[in-house]
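# Remarks on the overall topology
Next come the chains, spelled out residue by residue.
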Amino acid sequence: MNTKIIKSKPLIKQPKINVITLGCSKNIYDSEVLMGQLRGNNLNVVHESDKMGKDDIVVINTCGFIDNAKQESIDTILQFSDLKAAGKIGKVVVTGCLSERYKPELESEITNVDAFFGTNDLQNILHELGANYKHELIGERLLTTPSHFAYFKIAEGCNRPCSFCAIPLMRGKHLSKPMEELVNEAKILAKNGTKELILIAQDLTYYGLDLYGVRKLDELMRRLSDVPGIEWIRLQYAYPSGFPMEILDAMNERDNICKYLDMPLQHITDNMLKSMRRGTTKQKTIDLVNQIRDKVPTIAMRTTLICGYPGETEYDFQEMKDWVAETKFDRLGCFTYSHEEKTHAHTLIDDIPDEVKQQRVDDIMEIQQGISFDINQEKVGKTFKVLVDKKEGEFFIGRTEFDSPEVDNEVLINAYTGYAANGSFVNVKIDRAEDFDLYGQIV
């Protein structure tokens, strides 16, 4: 009897799509949505993998916010462009803020990138990668953060006229996401083990005004607070002008809404705030901070400031230093001014030398270091609920409700004296404190 041998065809290895994310948490969110769609199309997608083959595709999600971020994005594009030219990867696709803002220039300067897309081109990117946009995947994401916390974008774009900011050029006008869609997304995340939602937008406090005719952040917070499994809700990027005080009521009412508020104030002198087009004054800013602290006495407030804005005098800077020392923000970040094309401030003379800008940043951060040290010393001997993010060396590393990942303080727990699983909540008694770190034991 003749036996017919059937030779199986060799399996064709599917190329990987390697997504590289640069910039802020809003870009992280966008990458996660893109990756969720790609996975939903049964494509092999990874995030920032070091292992790549000659047929693999790299998607770079760029940042175009300030000079340093733009340079990092350009360097990354050139790096993978060179790998493509050397035959080590198959395709390079660029998306995000930098290519939204500078697409013609990038196309003419870096010619072997396969395609450039902007910030609202998800369906076109998917088509380029051989995928289709699936409406049934709305709310589904492939998290790049540890599964127990997720950045949660509630709106896109910004209507604010801040003179120094290029975000409206890259992200467009403010567009709130419907509340039902957000609640559904939160339920999906919670079902997959997410315990902390970090609410992000260019302007959180504007939420709902475009969709519903009134600000609805407080209602959204309560709706998200009701989702089973969500134990922490955190607010980042709240704009001070027109601040809706009712969100503080929600904070006080609900145990799972963190007593935490990130409110970038940028400066304090009246002439700087006016030139920056911030829509507020020094006294209004001071009053607002005091009102927030009066209403939520235990709140941790984070702010960010800009040093070296055009026309910032030594007097302006000294006034800001005095205000920082007096106000004692729990958390503070500081940046040098970046002269951005097509912004209103670009019509001004960028008259502060780079070394002066940097020195002013260093001076502010030195003040903040002392403030942070003093605030942390007050925590010694007290017990806090801590969310454990990771283990590094001899420590489990976590955060209190007063700290956002990557930018704020950390709690280091001795791994030899207690055990804590990643993503778990533990009670930690603080026995030592440094400028930006707390050390403690599980109790």
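All of these numbers come straight from a predicted model, not from anything done at the bench. (Residues numbered from 1 in each chain as written. Predicted model: local features only at pLDDT ≥ 70, side-chain atom pairs only at ≥ 80, totals over all residues. Heavy atoms only, no water.)

## What to know about the packing of helix α12 (residues 314–327) against helix α13 (residues 354–377)
Our working definition: Every axis corresponds to a line fitted to the C-alpha atoms, with the helix fit spanning only the stretch in contact, and the corresponding angles, defined between N-to-C directions, vary from 0 to 180 degrees. Strands are runs of DSSP state E lasting at least two residues, helices are runs of H or I lasting at least four, and both sets are numbered from the N terminus onward. Any angle between 65 and 115 degrees counts as roughly perpendicular, while under 35 counts as roughly parallel, over 145 as roughly antiparallel, and the rest as oblique. Here a crossing is taken to be left-handed if its near helix is turned anticlockwise relative to the far helix by less than a right angle, and right-handed if that turn runs clockwise. Contacts are assigned to residue pairs with any non-hydrogen atoms lying within 4.5 Å of each other.
At a minimum axis distance of 10 Å, the contact between α12 and α13 shows a crossing angle of 15°. With respect to α13, the element α12 is oriented roughly parallel. Both α12 and α13 take part in a crossing whose hand is right-handed. In this structure, α12 contributes Glu314, Phe317, Met320, Lys321, Val324 and Ala325 to the contact, and α13 contributes Arg360, Asp363, Ile364, Ile367, Gln368 and Ile371.

## Remarks on a nonpolar patch on the surface
Cut-off, in case you're wondering: Two joining distances apply to patches: 9 Å for like charges and 5 Å for nonpolar side chains (Val, Leu, Ile, Met, Phe, Trp, Tyr), and every residue must have over 30% relative accessible area and no salt bridge. Surface accessibility follows the Shrake-Rupley procedure with a 1.4 Å probe radius. Residue values consider only the protein chains on display as shielding. Salt bridge, as applied in this entry: a Lys or Arg side-chain nitrogen positioned within 4 Å of an Asp or Glu carboxyl oxygen. Under the scheme applied here, a residue whose accessible area is under 20% of the maximum for its type counts as buried, over 50% as exposed, and between as partly exposed, the area being computed with a 1.4 Å probe on protein chains only.
Where nonpolar side chains cluster on the molecular surface, the patch consists of Leu211, Tyr212 and Val214 and spans about 250 Å² of accessible area. Within the fold, leucine 211 resides in helix α7 (residues 209–212). Residue classification places leucine 211 among the partly exposed positions, given a relative accessible area of 39%.

## Side note on helix α9 (residues 246–253)
As a reminder, the rule being used: This arc is taken over the directions from the axis of the helix to the C-beta atoms.
Listed as buried for α9 are Ile247, Leu248, Ala250 and Met251. All buried residues of α9 lie within an arc of 155° about the axis, which places them on one face of the element. Where α9 is buried, its residues touch α8 (217–225), β10 (232–235), β11 (257–262) and α11 (282–295).

## Thoughts on the pairing of strand β4 (residues 91–96)
So the rule is basically this: A pair of strands is treated as paired once DSSP finds two or more bridges between them. If you view a crossover with the strands going away from you and the path from the first strand over the helix to the second runs clockwise, you call it right-handed.
Counting buried residues along β4, 5 of its 6 residues qualify, which places the element largely inside the surrounding structure. Note that strand β3 (residues 57–62) and β4 share 6 bridges and pair parallel. Looking at the pairing, threonine 62 lines up with glycine 96 of β4. As a crossover connection, the stretch from β3 through helix α2 (residues 67–85) into β4 is right-handed.

## As for the packing of aromatic side chains
Using the following cut-off: Centres within 6.5 Å are what make two rings of Phe, Tyr or Trp a pair, Trp counting through its six-membered ring; a difference in plane orientation under 30 degrees is then read as stacked, over 60 as edge-to-face, and the rest as tilted. Only when the NZ atom of a Lys or the CZ atom of an Arg is both within 6 Å of the ring centre and within 35 degrees of the ring normal do we say a charge sits over the ring.
Taken as a whole and judged by the stated rule, the model has 7 aromatic pairs. Here the aromatic rings of tryptophan 232 and phenylalanine 425 are separated by 5.0 Å at their centres, their planes lie at 75°, and the arrangement is edge-to-face. Here phenylalanine 425 lies in strand β17 (residues 425–433) and tryptophan 232 lies in strand β10, a separation of 193 residues in the sequence. Ring geometry for phenylalanine 384 versus phenylalanine 402: centroids 6.5 Å apart, planes at 85°, classification edge-to-face. Of the two residues, phenylalanine 384 is situated in strand β14 (residues 383–392) and phenylalanine 402 in the loop between β15 (395–399) and β16 (410–414); the sequence distance between them amounts to 18 residues. Note on accessibility: phenylalanine 384 and phenylalanine 402 belong to one class, buried. Taking the ring centre of phenylalanine 425 as reference, the NZ or CZ of lysine 385 above it sits at 4.5 Å. Note that lysine 391 overlies the ring of phenylalanine 396, its terminal NZ or CZ placed 5.9 Å from the centroid.

## Topic: the sheet that holds strand β18 (residues 437–442)
Pairing in this closed barrel of 5 strands is mixed, and the strands run β14-β15-β16-β18-β17 around the ring. Geometrically, the sheet is characterised by an average inter-axis angle of 55° between neighbouring strands, direction not taken into account. Pairing of β15 with β16, which is carried by 4 bridges, proceeds in the antiparallel orientation. Bridge pairing in β16 places glycine 398 opposite valine 411.

## Examining the UniProt feature "domain: TRAM" (unreviewed entry) in the protein
The test is simple: UniProt positions are given in the numbering used here, feature names are shortened, and annotations may be inferred rather than shown by experiment.
Under the local residue numbering, the UniProt record ascribes the feature "domain: TRAM" (unreviewed entry) to residues 377–443. Secondary structure content for residues 377–443 is 1% helix and 52% strand, and the end C-alpha separation is 19 Å.

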